[in-house]
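Descriptive structure summary
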Amino acid sequence: MNVQNPVRWSVLALLCLAQFMLIVDITVVQVALPSIGADLALDREALTWVVTTYTLCFGGLMVLGGRLADAFGARRLLVAGLALFTVASLAAGLAPNGPALIAGRALQGVGAALLSPAALSIITTAYHGDRRNRALAVWAAIGGSGAAAGVLLGGLLTAGPGWTWAFYVNVPIGLAVLAILPSRLPVRAPAPAHHAAHAAHSTAGTHAGAAHGHGHGTHGGHTAHGAHGGGRGRVDVVGGLVVTGATGLLIYGLTRAGEVGWGSAGTLWVLLAAVAGYAAFVVVERKVRAPLMRAETLARRPVLSGMFVMLMATASMLGLFFLSSLYLQHVRGFSPLETGLVFLPVAVAITAGAHVAGRLVGRIGGRPVAVAAFALTAAGAGLMAQVSADGNVFTTLLPGFVVAAFGIGPAFVTATSTTMANVSPAESGVASGVVNTFHELGGSIGVALVSSAAAAALAPGGDVSGFATALTAVAVAALVAAAVSLLLVPPGRPSGAFVGHGHGH
């Protein structure tokens with residue numbers, strides 16, 4: 001592939017547009033929930049499922065989606081995921097009752113779990129060097145600005161044509177991308193399992209070099225396809241089902257904790273079941289010939305740091321979104337539209353921060369960017385903690401919100417760049433699935449924790465000081481993340497450490 005070709009950037013734009021739809025749908029229904037409940041006669045528990053079912057399926061199936069992309073080709077999985085997401089969006093908009101809407105949200109999550117890791121895998125193999133850093137910066141900005149735009153879009157659509165258009169709007173966009181994108185994507189054979197095994201074996205450290213995007217390779221002068229029994233299409237289905245179930249239980253348990261408390265029997269049993277599921281997954285992975293995830297890959301420092309940074313960045317972001325939305329609507333009496341408009345400068349700040357970080361990571365490395373990002377997030381959350389029942393929102397809440405958002409954008413860039421620049425193309429799908437799974441986990445953790453911290457404010461007639469307490473907790477968590485990043489994020493600039501056949505140079 002010629003990375004100088006301007007078609008590459010049009011492909012990036014289409015991939016990011018598709019990802020934007022997925023991220024928007026995490027938050028687009030939040031401000032529309034009262035209208036949905038009134039139209040479909042749904043109680044609070046059912047409305048909670050309208051929100052969390054999408055996250056459960058999206059996050060729970062992400063790793064399996066990444067492995068399928070590695071096995072059958074990212075292009076195929078992307079097209080299949082986008083088609084399913086588009087159809088599911090139409091079904092959700094047409095839903096005549098609560099169960100039908102929740103089923104549509106579940107199918108949206110399945111489509112998203114197929115699409116997202118495949119799209120990120122394509123980006124990491126299509127761009128190299130500084131172009132990859134810039135492409136990943138754009139991708140990372142989608143993760144934050146899309147969530148903020150979802151709140152704004154939800155307010156606009158709910159106040160205008162109605163909440164059903166929060167789903168209908170995906171249909172023409174999905175059809176347009178499906179009509180244009182497949183013909184512009186490279187057709188490549190998926191990397192065989194042998195490549196992944198060799199890459200994992202030969203990558204104990206980070207090596208400088210150019211990452212070549214070959215879809216296949218040779219070893220010892222002969223083609224490596226099918227070597228060692230690693231054939232095309234081999235997928236660890238059992239491992240995929242086990243880790244999907246465990247992740248789904250974890251996300252559900254964290255969501256339940258925010259609703260009924262961390263000490264409730266229901267929460268504890270679900271979380272224990274999730275831990276047992278992950279233990280079973282480790283056992284399964286040690287026994288199968290072509291494991292879903294290799295311990296060598298997950299234990300590598302760039303992957304660990306990417307998971308941590310993504311977890312903390314998303315937890316901070318969605319925690320702040322959750323608190324701000326409730327504060328504006330429940331305490332200050334803002335309408336859904338007014339609430340959405342407050343999030344507009346926040347979306348701009350996340351995008352701007354990611355753009356700056358995309359250039360800085362390639363020059364000074366991911367570690368200083370991550371530390372500075374979380375420090376800014378902490379400072380912004382600390383400013384937001386000055387909220388009151390009668391203060392001016394635009395001089396108390398919003399300035400700190402913008403500062404925190406400007407910090408969160410670079411954290412997303414660091415998480416993706418330090419991970420994806422240092423894994424083999426043969427495992428890029430799984431690696432992207434792992435990192436993106438922590439995006440969903442982070443959101444659930446953030447909302448569950450701040451919901452517990454702000455319990456006093458969320459109760460009927462609650463005190464606004466509960467919001468200040470929760471916002472202070474976010475600031476402290478961001479400071480801790482900055483300290484951990486100083487030790488965990490690899491020093492130096494992210495490098496393209498792998499060629500397509502898995503040999504590091």
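Please read these numbers as outputs of a predicted model, since none were measured by experiment.

1. Comments concerning the overall build of the protein
Across its full length, the protein carries 21 helices and 2 strands. A buried classification covers 59% of the 505 residues belonging to the protein. Pairs at least 24 apart in sequence give 85% of the contacts found in the protein among residues at least 6 apart. Just so you have it, the protein exposes about 18500 Å², and 68% of that area is on carbon and sulfur atoms.

2. Re the side chain of T247
With respect to the helices and strands, the residue T247 is situated in helix α11 (residues 237–260). Within the local environment of T247, its side chain forms a polar contact with the side chain of Y278, the two groups lying 2.8 Å apart.

3. A word on the environment of A91
Its place among the elements puts A91 in helix α5 (residues 74–94). Assessed through its relative accessible area of 36%, A91 is described here as partly exposed.

4. Considering the pattern of salt bridges
Inspection of every chain in the model, using the stated rule, returns 1 salt bridge. Where D25 meets R105, a salt bridge forms, and the shortest distance between an N and an O atom there is 3.6 Å. Here D25, found in helix α1 (residues 7–27), pairs with R105, found in helix α6 (residues 98–126); they are 80 residues apart in sequence, far enough to count as distant. On the basis of relative accessible area, R105 is assigned to the buried category, the value being 0%.

5. Some words on a nonpolar patch on the surface
Taken together, the side chains of V356, L360, I364, L376 and F406 make up a nonpolar region of the molecular surface, amounting to roughly 370 Å² of accessible area. Position of L376 relative to the elements: it lies in helix α17 (residues 366–384). On the basis of relative accessible area, L376 is assigned to the partly exposed category, the value being 34%.

6. Regarding α17
If you check α17, its first and last C-alpha atoms are 27 Å apart, about what 19 residues at 1.5 Å a residue would give, namely 27 Å. At its buried positions, α17 is contacted by α14 (301–331), α16 (344–364), α18 (397–420) and α21 (465–488).

7. Topic: the packing of aromatic side chains
Evaluated as defined, the whole model comprises 7 aromatic pairs. Summarising the aromatic geometry, the rings of W163 and F167 are spaced 6.3 Å apart at their centres and angled 85 degrees between planes, so their arrangement reads as edge-to-face. F167 matches W163 in its accessibility class, with the two residues each being buried. Residues F321 and F343 carry aromatic rings whose centres are separated by 5.3 Å and whose planes lie at 80 degrees to one another, so their mutual orientation is edge-to-face. Of this pair, F321 sits in helix α14 while F343 sits in the loop between α15 (336–342) and α16, and the two are 22 residues apart along the sequence. In this structure F343 comes out as buried when scored by relative accessible area, which is 0%. These aromatic residues form a ring-pair network of at least three members: F321, F343 and F401.

8. Brief notes about the nonpolar core
Within soluble globular proteins, side chains that are nonpolar generally end up buried alongside one another. Ranked by size, the top nonpolar core spans 114 residues in total, and within it L78, L320 and F321 carry the most contacts. Considering every element that reaches this core, the biggest residue donor is α14, with 16 residues. Once residues lying within four places of it in the same chain are set aside, the contact partners of L320 are A381, M384, F401, A404, I408, L471 and V474. With 19 residues, the next largest nonpolar core counts L40, A46, L47 and F167 among its residues.

9. Considering the environment of G150
Structurally, the position occupied by G150 is in helix α7 (residues 129–159). Residues G150 and V24, spaced 126 residues apart in sequence, show a C-alpha to C-alpha distance of 4.3 Å. Look past the residues within four positions of G150 in its chain and what remains in contact with it is V24, T27 and V28.

10. What about the packing of α5 against helix α9 (residues 170–184)?
Following both chains from N to C, one finds α5 and α9 inclined at 160 degrees, their axes separated by 9 Å at the closest point. With respect to α9, the element α5 is oriented roughly antiparallel. With respect to the hand of their crossing, α5 and α9 are arranged in left-handed fashion. Between α5, through R75, L78, V79, L82, A83, F85, T86, S89 and L90, and α9, the contact on the second element is made entirely by N170, V171, G174, L175, V177, L178, L181, P182 and S183. Across the contact of α5 with α9, the residue classes break down as 12 nonpolar, 5 polar and 1 charged.

11. Overview of the environment of A88
You can see A88 is positioned in helix α5. Given the relative accessible area of 2%, A88 is considered buried. Expressed as a C-alpha distance, the spacing of A88 and G109, which sit 21 residues apart in the sequence, is 8.9 Å. Look past the residues within four positions of A88 in its chain and what remains in contact with it is G104, L107 and Q108.

12. A closer look at the packing of α14 against α17
Taken N-terminus to C-terminus, the directions of α14 and α17 make an angle of 15 degrees; their axes are 12 Å apart at the nearest point. With respect to α17, the element α14 is oriented roughly parallel. Crossing geometry of α14 relative to α17 is assigned as left-handed. Between α14 and α17, the contacting residues are R301, V309, M312, A313, S316, L320 and S324 on the first element and R367, F374, T377, A381 and M384 on the second. Considered class by class, the residues forming the contact of α14 with α17 number 7 nonpolar, 3 polar and 2 charged.

13. Quick notes on unusual backbone geometry
Here the phi dihedral of A41 falls at roughly 55 degrees; this positive angle occurs in a residue that is not glycine. Topologically, A41 is positioned in the loop between α2 (33–40) and α3 (44–60).

14. Remarks on α21
The α-helix advances 3.6 residues per turn, and as a result positions three or four apart in sequence lie on the same side. Helix length check: α21 (24 residues) gives 34 Å between terminal C-alpha atoms against 34 Å at 1.5 Å per residue, within 8%. Of the positions making up α21, those classed as buried are G466, F467, A468, A470, L471, V474, A475, A478, A481, A482 and S485.

So, how was this worked out
- Residues numbered from 1 in each chain as written.
- Predicted model: local features only at pLDDT ≥ 70, side-chain atom pairs only at ≥ 80, totals over all residues.
- Heavy atoms only, no water.
- Helix = DSSP H or I, 4+ residues; strand = E, 2+ residues; numbered from the N terminus.
- Buried < 20%, exposed > 50% of the residue type's maximum accessible area, 1.4 Å probe, protein only.
- Contact = heavy atoms within 4.5 Å.
- Areas by Shrake-Rupley, 256 points an atom, 1.4 Å probe, with all protein chains shown as cover.
- Polar contact = N/O pair within 3.5 Å; in protein donor to acceptor, adjacent residues only side chain to side chain.
- Salt bridge = Lys/Arg side-chain N within 4 Å of Asp/Glu carboxyl O.
- Patch = residues over 30% accessible without salt bridge, like charges linked within 9 Å, V, L, I, M, F, W, Y side chains within 5 Å.
- Expected span 1.5 Å × (residues − 1).
- Phe/Tyr/Trp six-rings, centres within 6.5 Å; stacked < 30°, edge-to-face > 60°.
- Core = buried A, V, L, I, M, F, W, Y, C linked by side-chain atoms within 4.5 Å.
- Axes fitted to C-alpha atoms, helices over the stretch in contact; angles between N-to-C directions.
- Parallel < 35°, antiparallel > 145°, perpendicular 65-115°, else oblique.
- Left-handed = near helix turned anticlockwise from the far one by under 90°.
- Nonpolar A, V, L, I, M, F, W, Y, C, P; charged D, E, K, R; others polar.

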